[in-house]
Amino acid sequence: MTMTLDAPQGQDPAAVSEEERTSRRAIVRLDRIVGIVIAGIVTAAAGLLWLAVAAKGPDTTIAESNDAVIGIWRVLYNADAPDVSTILTAIALALLAAAGLALMERHIATKTRRSMNPGRRPLAPKVIMAANRGQFAGEVTVTVLIPAHNEEASLPQTIASLKSQSHRPERIIVVADNCTDDTVRLAREAGVEVIESVGNTKKKAGALNQALRRVLPGQGDNDVVMIMDADTQLDDGFLANAVVRFAQDRALMAVGGLFYGEGGHGLIGQFQRNEYIRYSRQMRRRPGRVFVLTGTASLFRPVALRTIADNRGRSLPGVHGDVYDTAALTEDNELTIALKSLGGLMISPQDCTVVTELMPSWGTLWNQRLRWQRGALENIGAYGVTAPTMRYWAQQLGIGYGVIALSAYLALIILTIVSLETWIWFPFWLGLGLLFTLERVVTVWKGGWKARILALTLFPELFFDMFLNLVYVKGIIDLSFGRQANWKHLTHAAPASRLSSQEA
């Protein structure tokens, strides 16, 4: 079955275009402010820390190095370490920052759950529960939308993973957007519905908006719509577990998946798999506080998507009537903030996992991460400083400060190496390094022996982190100078072999 979509009846395409241009111009102005503000705050914080350290003056009581013989090796070491007050102050500041962020998140989540204001938070749990109390809207059904632009290589495996679920979806719809390959033919042969976008110039978000205008009117209160990438495969049990969550909690608006990387792609692939494993571990440790409803696979109640569309151009950025803001580079992150702004309850259960595509080269990884970084900054710029965006602002400031800290750390190591004729060990700093290495290994333990060995070597991952830091700096600079961002699509040469989360 194939359908094509036109613009909504009664809607003036010229007016919509002008509205989108106005929205985009406003976001660009905010983006410049975001880049300058974040860079300024981070630089000022680093400068204050340097002044605090420099105010004590140079340390003229450095102890001489000591000799130690270990087997046939003669080892030089220096027992110098920061004084106890400095160490305790650093620990106290770290604990205060972590506790403050956790308390802030808890306060915001509690305030949202208790809200009875349908004007400001129409998706808050109490508002939703009051609206559907005593009503049975039928069994939970699942309609899957798969946006696809030239995805002939990966689409058949994605559809197969859906059909092999213990709870199969009632409908599978491939949203074919300007495809020039065999995506449409393969979808039809797989026995699923196809919606072809018409005149879409707004990439993935624009194609999904067209499809959702057709699909949402027929969705009941207990139906759910799943959006998943065409290069993703669900682990078995994903849909069954998600449906149980929706059936048990009528106030739940969205369920996001936890993603793991596919196999292959050598060292660069292992870097990404380790990164995704750590992210999933963090999400499992913060239940009820979803950071991003990942575009790889997330499910939404229709009332949530309808409410977002109704608030676009009013309390939310974007064009009224659109579910997705087509001006956003990272539409999944923006949709998450939109849901949070409306008070929606969402979770990312640890039993809802997917295996997703990895970038096969440094060039494609750079393009992907630059788009993610630009999109994240654009989103918080569009929404401003609000309770739902505080966590996102804190993340960007933390990344910025981490850029300075890691750069200084690696620069000092290099300076030490080129300055000393004989290497001197510092037990205190060596101990901290071992603790850090242990943390890196433990956090990727479920990834298998390859993940553990890479984490144990430490410095390759630190240099990978520096690569990501360069992406961050590039994003800040581009935003500050108002440079245009582009959405780049990865072309698949051949089907990729996939591994389960246990094998990745």
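In this text the structure is predicted, and so the values were computed from the model without any measurement. (Residues numbered from 1 in each chain as written. Predicted model: local features only at pLDDT ≥ 70, side-chain atom pairs only at ≥ 80, totals over all residues. Heavy atoms only, no water.)

**Quick notes on the overall build of the chain**
When helices and strands are tallied, the chain shows 15 helices and 14 strands. Taken across its 504 residues, the chain has 46% of its residues classed as buried. Excluding contacts between residues fewer than 6 apart, the proportion of contacts in the chain whose partners are at least 24 apart in sequence is 78%. Here the chain displays about 25,000 Å² of accessible surface, and carbon together with sulfur accounts for 62% of that area. (Helix = DSSP H or I, 4+ residues; strand = E, 2+ residues; numbered from the N terminus. Buried < 20%, exposed > 50% of the residue type's maximum accessible area, 1.4 Å probe, protein only. Contact = heavy atoms within 4.5 Å. Areas by Shrake-Rupley, 256 points an atom, 1.4 Å probe, with all protein chains shown as cover.)

**Some words on helix α3 (residues 125-132)**
Every buried residue of α3 is listed here: Pro 125, Val 127, Ile 128 and Asn 132. For α3, the buried positions fall inside an angular range of 165 degrees around the axis, keeping them on one side. (Arc of directions from axis to C-beta.)

**Comments concerning the nonpolar core**
One finds Leu 145, Ile 146, Met 226 and Leu 299 to be the most contacted residues of the largest nonpolar core, which totals 86 residues. Per element, the largest residue contribution to this core is six residues, and it comes from helix α6 (residues 203-215). Not counting chain neighbours up to four residues away, the residues in contact with Met 226 comprise Val 142, Thr 143, Val 144, Leu 145, Leu 234, Phe 238, Leu 239, Ala 297, Ser 298 and Leu 299. Counting residues in each nonpolar core, the second largest holds nine residues, with Phe 271, Leu 370, Phe 464 and Val 471 among its members. (Core = buried A, V, L, I, M, F, W, Y, C linked by side-chain atoms within 4.5 Å.)

**With respect to empty space enclosed by the protein**
Tallied over the entire structure, the rule returns two cavities of 30 Å³ or more. By volume, the second largest cavity is sized at about 70 Å³. What lines the second largest cavity is simply Lys 204, Ile 227, Leu 293, Thr 294, Gly 295, Ser 298, Phe 300, Tyr 324, Glu 331, Asp 332 and Leu 335. Listed by contribution, the elements that provide at least two residues to the lining of the second largest cavity are β11 (297-300) and α10 (331-341). (1 Å grid on protein atoms, 1.4 Å probe; cavity = no way out; pocket = protein on both sides within 12 Å on 5 of 7 lines; lining within 4 Å. Points joined across faces, edges and corners; volume = space filled by probe spheres on them.)

**Some thoughts on the sheet that holds strand β10 (residues 258-261)**
Pairing is mixed in the open sheet, where three strands are placed in the order β8-β13-β10. A single partner strand is all that each edge strand has here, and the edge strands are β8 (233-234) and β10. Relative to strand β13 (residues 353-356), β10 runs parallel, the two being bridged by four bridges. Residue pairing across strands places Phe 259 opposite Val 354, the latter belonging to β13. The sheet contacts of helix α8 (residues 266-284) involve β10 and β13, and relative to β10 the element is tilted by about 160 degrees. (Pairing = 2+ DSSP bridges. Axes fitted to C-alpha atoms, helices over the stretch in contact; angles between N-to-C directions.)

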